[in-house]
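Residues per chain, in single letters:
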Amino acid sequence: MKTKANPNENAGQPTEIRLRGLGVSPGVAVGAIHLRDASAVPIPEYLISASQVPREINRFDTAVSAAEKQLAKLREKAASVHGASAEELFFLLEAHSQMLRSGQLREGVERRVREERQNAEAALAAEIEQILTIFDAIDDPYLRSRGDEVRQVGQRILRHLTDRAYQGFDRLSRNSLVIAEEVTPADTALMDPKRVIGFASVLGGAEGHTAVMARSLGLPAVLGVPELLRHGRSGAMMIIDGDEGLVIIDPYKETLELYRRRRASQLRANRALQRLRDLPAVTKDGVRVSLQANVELPSDVEQCVAAGAEGVGLLRTEYLFMNRHDLPDEEEQIASIRHIMHGVADGQVTVRTLDVGGEKIASALGHHLAEAANPALGLRAVRLSLRVPELLESQLSAALRANEGNRLRILLPMIVNVDEIRLVRRKMEEVTLRLTSQGLIAGETLPSLGVMIEIPGAALAADALAREADFFAIGTNDLIMYTLAIDRSDERVAYLYDPLHPAVLRLIHFAVDAARRQDKPVSVCGEMAGDARYLPFFLGLGIRELSMRPTALPRIKQRLRRLEAAACEELVSQLLSQSDSHEIKRLLNEFNG
Ligand code: PEP
Ligand code: MG
């Protein structure tokens, strides 16, 4: 939705444009726009051998189908825009799709790859240049200008071919606000909060990993803003309001003033929360809860300490594999885990094995992940680790060698049956034997081996899993996604993503009960753990360990210190007897006051 505000009051200034989207990461940021996709993609050029021809053509076809999918998503987004601009946008995107499908482009590229042995990027760039010479020769200025679209289509395919995650953000000036068609989790990992202070994009859902990363980095972000790239231009002033899901381009002076005041008051509130840092995480009736932090990037560890986290409840090791074409070797992994172990002094660190697949991409493993029809249900997470034994072996070996003071636990993502746990445990024993015989570890104690409960089937089989696993970590993000069949990163179905759906609460309850019956520790580490509204539910269920983004921790501690565990238990029995999520929400809101 777009509104133009105050048309008469700011004569001489551009009209303020307000665009609505999904506020996925709270806070307010005011700065200058950096339009992510504006820069031309560098084109690698090299000659290929005859045997590489089919692979190059296949790369080109894969890039074209990825570009087609992206355009289809954008067309649907355009349909949610009202008025004449919707139609214009739709036709433009349709024209781009037709160009993508054009036989002439495909044939030209194939000929250059086959006959001239050019790599796919170089062949595409040459073919686009040739088509542009035809446009340049046209007399009609309107038709000639359509050449720009050919160039844009070429850039779109090129970005898929060259893996645009490699465009860094390091040359940006301070206080930049990044806008783009799509921001991937890998892009987010490259954002230095000293330069990038917020971002917005056309595509993306509230619970996708990009949103999780934004919250973890404390960057205000609004995703799913259909008309963003029609109005945003590099260098223009912009406000990102992550609380309201609002983007304001060319704000009026009064709007700027209002937002600067809001930002100042947010900073004051944050400082007040920081004073809780050294107070114990204990309820009014004396129940202690271990509040830990989720770590996305090694640099998060400073924030963990600043927030007063007792340890790292979830180390997402994906960062070691993103934005590069090779795999990290064992030494690099050890150094990174040690950095985090040292950062949290004597705290516990829970290292999760690689959880790529779906929206989380690692180029070096791309050939395993590329072809799945349903990536979220395909070869990903622990399934990939078991399929590529050297990957699992190097992760386990690095974790075992970095396990100083026996403070490290190992956590397996996307577990669905006991065999997977047994296979990993066997591998861990083998690696331990090898490392002990090499004198690389002392080998007396193996780390605890836990599993994520994030697939509904795993929650319902939690009694069986609890016999094999040493601990559970409930991943509410994926648990909600798979229970309700909602893609976390798809803004079009975001309204159905409901943490309070009775099916979700019952699955969590079932898993927690199973763990407790067998005396196995259980924590929650999905986004629900960092949302104070859900705290009474977890406390009442008997959860005594929560792991969340460090920025959420002070508010959770503040709320915890005002709650009584006994009252939360009563609330939970009411909540679990309900089958209507509206009623559940009402009861919880009433309790939260
Ligand atoms: C989850 O699914 O809740 C979780 C913590 O894992 P991730 O968000 O990394 O998939
Ligand atoms: Mg998960």
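On a predicted model such as this, the values are computed, not experimentally measured, just so you know.

## Here we look at the coordination of the magnesium ion (ligand 2)
Then, number 1: At the metal site, the magnesium ion (ligand 2) is ligated by E454 (OE) and D478 (OD), and these contacts range over 2.0 to 2.1 Å. Note that E454 is positioned in the loop between β14 (449–453) and α17 (456–460) and D478 in helix α19 (residues 476–484), a separation of 24 residues in sequence.
Then, number 2: Judged by its relative accessible area of 2%, E454 falls in the buried class.

## Digging into the domain arrangement of the protein chain
Then, number 1: By the assigned domains, the protein chain splits into domain 1 (2–35 + 173–272), domain 2 (50–161) and domain 3 (281–592).
Then, number 2: A separation of 41 Å is found between the C-alpha centroids of domain 2 and domain 3.

## Section: helix α3 (residues 103–116)
Then, number 1: With 14 residues, α3 should reach 20 Å at 1.5 Å per residue; the first-to-last C-alpha distance of 19 Å fits that figure.
Then, number 2: Within the span of α3, buried status applies to L105, G108, V109, R112 and V113. Buried residues of α3, seen end-on, are gathered within an arc of 130° and therefore sit on one face of the element. Seen from the buried face of α3, the exposed residues on the opposite side, beyond 90 degrees, are E107 and E115.
Then, number 3: Trailing α3 by a residue or two, R117 shows a phi angle of about 55°, which is positive.

## Remarks on a negative patch on the surface
Then, number 1: Taken together, the side chains of D285, E564, E569 and E570 define an acidic patch exposed on the protein surface.
Then, number 2: Along the chain, E569 falls in helix α23 (residues 565–576).
Then, number 3: Since its relative accessible area comes to 44%, E569 is described here as partly exposed.

## Considering the packing of aromatic side chains
Then, number 1: The tally for this structure, following the rule as stated, stands at 1 aromatic pair.
Then, number 2: The ring of F471 carries the charged tip of R409 above its face, separated from the ring centre by 3.7 Å.

## Thoughts on the pattern of salt bridges
Then, number 1: Under the defined criterion, the tally for this structure stands at 40 salt bridges.
Then, number 2: A salt bridge links R288 to E310; its shortest N-O distance comes to 2.6 Å. Of this pair, R288 sits in the loop between α10 (253–274) and β10 (290–295) while E310 sits in the loop between α11 (300–307) and β11 (312–316); the two residues are 22 residues apart in sequence, bridging distant segments of the chain.
Then, number 3: Put simply, E430 and K427 hold a salt bridge, and the shortest N to O gap is 3.8 Å. Note that E430 and K427 are positioned in helix α16 (residues 418–437) at a spacing of 3 residues, about one turn of the helix.
Then, number 4: When its relative accessible area of 45% is taken as the criterion, E430 is described as partly exposed.
Then, number 5: Classification of K427 by relative accessible area gives buried; the value is 16%.
Then, number 6: Connected through salt bridges with shared partners, the residues R55, E56, R59 and E121 form a single ionic network.

About the cut-offs
Every chain is numbered independently, its residues counted from 1 as its sequence is written. Chains and ligands are labelled sequentially in the order written, the chains with letters from A and the ligands with numbers from 1. Given that this is a predicted model, residues contribute local features only at a pLDDT of at least 70 and side-chain atom pairs are listed and counted only at 80 or more, while totals for whole chains, interfaces and linings are drawn from all residues. Computation of side-chain values: all heavy atoms of the structure, hydrogens and water removed. In this listing, donors mean N, O and S atoms no farther than 2.8 Å from the metal, or 3.2 Å for Na, K and Ca; water is missing from the atoms, so a site can look incomplete. Working definition: helices are DSSP H or I runs of at least four residues, strands are E runs of at least two. Numbering for both runs from the N terminus. Partly exposed describes any residue whose relative accessible area lies between the buried limit of under 20% and the exposed limit of over 50%, with all areas from a 1.4 Å probe on protein chains only and scaled to the type maximum. Each domain's extent was defined by an automatic or database domain assignment. The span one expects for a helix is its residue count, reduced by one, times 1.5 Å. When we speak of the arc, we mean the arc of directions from the helix axis to the C-beta atoms. Without a salt bridge and with relative accessible area above 30%, a residue can belong to a patch; like charges are then joined within 9 Å and nonpolar side chains (Val, Leu, Ile, Met, Phe, Trp, Tyr) within 5 Å. All accessibility values rest on the Shrake-Rupley procedure with a 1.4 Å probe; residue burial counts only the protein chains present in the view. Salt-bridge detection follows one rule: a side-chain nitrogen of Lys or Arg within 4 Å of a carboxyl oxygen of Asp or Glu. Positive charges are assigned to Lys and Arg, negative charges to Asp and Glu, while His and the chain termini are left out of the count. A charge is said to be at NZ when it belongs to Lys, at CZ for Arg, at CG for Asp and at CD for Glu. Pairing of aromatic rings covers Phe, Tyr and the six-membered ring of Trp, with a centre-to-centre limit of 6.5 Å; geometry is then stacked below 30 degrees between planes, edge-to-face above 60, and tilted otherwise. Two conditions define a charge sitting above a ring: the NZ of Lys or the CZ of Arg must be within 6 Å of the ring centre, and it must be within 35 degrees of the ring normal.

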